[in-house]
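Fold and geometry: a report
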Number of protein chains: 2
Amino acid sequence: MGYTAAPLERLIEEFSKFKGIGAKNATRMAYQVMSMTDEEAQKLAEAIQGAHTRIHRCRICQNYTEADVCPICSSAKRDDSVICVVEKPRDVQVFERTREYNGLYHVLHGLMDPINGVTAEHICVKELLARLHGDKVKEVIMAMNPTVEGEATAMYLAKLIKPLGIKTTRLAQGLPVGGNLEYVDENTLYRALSDRAEL
Amino acid sequence: MGYTAAPLERLIEEFSKFKGIGAKNATRMAYQVMSMTDEEAQKLAEAIQGAHTRIHRCRICQNYTEADVCPICSSAKRDDSVICVVEKPRDVQVFERTREYNGLYHVLHGLMDPINGVTAEHICVKELLARLHGDKVKEVIMAMNPTVEGEATAMYLAKLIKPLGIKTTRLAQGLPVGGNLEYVDENTLYRALSDRAEL
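Residues numbered from 1 in each chain as written. Chains lettered and ligands numbered in written order. Predicted model: local features only at pLDDT ≥ 70, side-chain atom pairs only at ≥ 80, totals over all residues. Heavy atoms only, no water.

Here's the deal with the overall build of chain A
Scanning chain A from N- to C-terminus turns up eight helices and six strands. Ordering the α and β elements of chain A from the N terminus gives α-α-α-β-β-α-β-α-β-α-β-α-β-α. For 199 residues, the compact-globule formula gives about 16 Å, and the C-alpha radius of gyration of chain A, at 22 Å, lies well above that figure. Considering only C-alpha atoms, chain A reaches an extent of 65 × 45 × 35 Å along its principal axes. Buried positions account for 45% of the 199 residues belonging to chain A. A separation of at least 24 residues holds for 47% of the contacts in chain A among residues at least 6 apart in sequence. Total accessible area computed for chain A in this model is approximately 11,700 Å², and 54% of it derives from carbon and sulfur atoms. If you average the places of the 25 positive and of the 27 negative side-chain charges in chain A, the two averages end up 3 Å apart. (Helix = DSSP H or I, 4+ residues; strand = E, 2+ residues; numbered from the N terminus. Rg over C-alpha atoms; globule rule 2.2 N^0.38 Å. Buried < 20%, exposed > 50% of the residue type's maximum accessible area, 1.4 Å probe, protein only. Contact = heavy atoms within 4.5 Å. Areas by Shrake-Rupley, 256 points an atom, 1.4 Å probe, with all protein chains shown as cover. Lys, Arg positive; Asp, Glu negative; His and termini not counted. Charge placed at Lys NZ, Arg CZ, Asp CG, Glu CD.)

Below, the structure is given as structure tokens:
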């Protein structure tokens, strides 16, 4: 090449490592960094370092937090008899945005995927089981994505949790609200049909 | 909100400032930073700072470079009788990728846009004119985007450069190679027709 300065080339490479950021976007971003003021570039670099050094996992739910225990786990207003199990921290945000759920969460930081060598020990399963001792928790909601790995993980967890006498549920599957029958795939339609509810 | 740790929120905000990076992508990127090792996050932050502090504009063509004069301007292999004028540093990369052009470049760092108060003094016009003294340069190619601002800037520069006895050209406009007549807009088709070439 020779026509792109090396530090710029390196920055493009760093940005390209992000999933969902293609070569074109990475290049565009790098050039935007170049056109920032020194102060703006500094702020961006510090935000990256700050997020990385100041945030760690909540001791209880494993979600990202600055404190030892996250605001949700330490809130007195949340219903601590229900735990919603999700794959990743971002999923917590998605649920919170609905403003409908008032229980606690548990972040697995991954899904079981035995074919690729990801077993229960690689995700936060034992941290979840540790929270189920005593009789505070009445229900555990499996809220993983309805994929092969998500279903497998939900089944595995349900098998461990049910014997403890705790209700184990999972998110409903069916037609998306506002969706169109024509555009729904067969598996979803099958599920919508077999899980039909009385009016 | 309250459910996203503050440093993470700030990082999402920083990423959202990039053009072409929406709220969703910014969030995804911030969470990816979280799942990096300390070393990886450090490398990313340093790449940003490094690109910003170690790169500046070439004294001659105004493209980004680490040196005083960029590798293209200082290369003995390039034809220094032709200068291709582009809007931004990224455009130089685009031309270099074709491997067809062997002349020099000049980066304007913007286009004239009088309505929004961007005049010739705000972009690198005087640096271009300074390069045209003497009789080394035989041709200046206007290679701005074919937009209103691009055309206006090209016209303005041509008016300044022609009296110096230097050939002033611009990129051809017409059908995109491999394109389809059906999907070409009227202006492009009009241009393709009026600029038609003999076979």
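Structural notes on the interface of chain B and chain A
Buried accessible area, meaning the area lost when the parts come together, often serves as the stated size of an interface. The interface is formed by 55 residues belonging to chain B together with 55 residues belonging to chain A. Of the roughly 5,200 Å² buried between chain B and chain A on both sides combined, carbon and sulfur atoms contribute 65%. There are two salt bridges connecting chain B and chain A. Its salt-bridge partner being Glu14 of chain A, residue Lys43 of chain B comes within 3.9 Å of it at the nearest N-O pair. Joining chain B to chain A, the criterion identifies eleven residue pairs in polar contact (both at pLDDT 80 or more). (Buried area = accessible area lost by both parts, 1.4 Å probe. Salt bridge = Lys/Arg side-chain N within 4 Å of Asp/Glu carboxyl O. Polar contact = N/O pair within 3.5 Å; in protein donor to acceptor, adjacent residues only side chain to side chain.)

Some thoughts on unusual backbone geometry
Negative phi values dominate among residues other than glycine, just as trans dominates among peptide bonds. The backbone of His109 of chain A shows a phi angle near 55 degrees, a positive value even though the residue is not glycine. Looking at the secondary structure, you find His109 of chain A in the loop between strand S4 (103-107) and helix H6 (125-130). According to the relative accessible area criterion, His109 of chain A is buried, its value standing at 18%. Non-glycine residue Arg99 of chain B carries a positive phi angle of around 55 degrees. Position of Arg99 of chain B among the secondary structure elements: in the loop between helix H5 (89-98) and strand S4 (103-107). Owing to a relative accessible area of 71%, Arg99 of chain B belongs among the exposed residues under this scheme.

Some thoughts on the layout of surface pockets
Put simply, the largest pocket is a space of about 660 Å³. Around the largest pocket, the lining is made up of 22 residues, and of these Tyr31, Gln32 and Ser35 of chain A together with Lys19 and Tyr64 of chain B lie nearest the centre. For the lining of the largest pocket, the secondary-structure elements that each account for two or more residues are helix H2 (23-34) of chain A together with strand S1 (56-57) and H5 of chain B. Considering every element that reaches the lining of the largest pocket, the biggest residue donor is H2 of chain A, with four residues. In the lining of the largest pocket, the residues fall into seven nonpolar, six polar and nine charged. Looking at the second largest pocket, its volume works out to about 520 Å³. Forming the boundary of the second largest pocket are 23 residues, of which Ala143, Met144, Asn145, Pro146 and Leu171 of chain B lie nearest the centre. When residues of the lining of the second largest pocket are assigned to their parent elements, the largest contribution, four residues, is made by H5 of chain B. Its residues placed into classes, the lining of the second largest pocket shows nine nonpolar, eight polar and six charged. (1 Å grid on protein atoms, 1.4 Å probe; cavity = no way out; pocket = protein on both sides within 12 Å on 5 of 7 lines; lining within 4 Å. Points joined across faces, edges and corners; volume = space filled by probe spheres on them. Nonpolar A, V, L, I, M, F, W, Y, C, P; charged D, E, K, R; others polar.)

A closer look at the domain arrangement of chain A
Domains assigned within chain A are domain 1 (6-54) and domain 2 (57-198). Here domain 1 of chain A and domain 2 of chain A have C-alpha centroids that lie 33 Å from each other. (Domains from an automatic or database assignment.)

Here's the deal with the environment of Glu87 of chain B
Residues and elements named next belong to chain B. Relative to the elements of secondary structure, Glu87 occurs in the loop between strand S3 (79-86) and H5. Looking at Glu87, the relative accessible area reads 18%, which means it is buried. Once you skip the residues sitting within four places of it in the chain, Glu87 turns out to touch Val107, Leu108, His109, Gly110, Leu111 and Asn145.

Considering the side chain of His106 of chain B
All names here are of chain B. Note that His106 resides in strand S4. A relative accessible area of 0% places His106 in the buried class. Here the side chain of His106 touches Cys124 through a polar contact of 2.9 Å, landing on its backbone oxygen. Not counting residues up to four positions away in its chain, the partners in contact with His106 are Ile60, Cys61, Gln62, Ile83, Cys84, Val85, Val86, Cys124, Glu127, Leu128 and Arg131.

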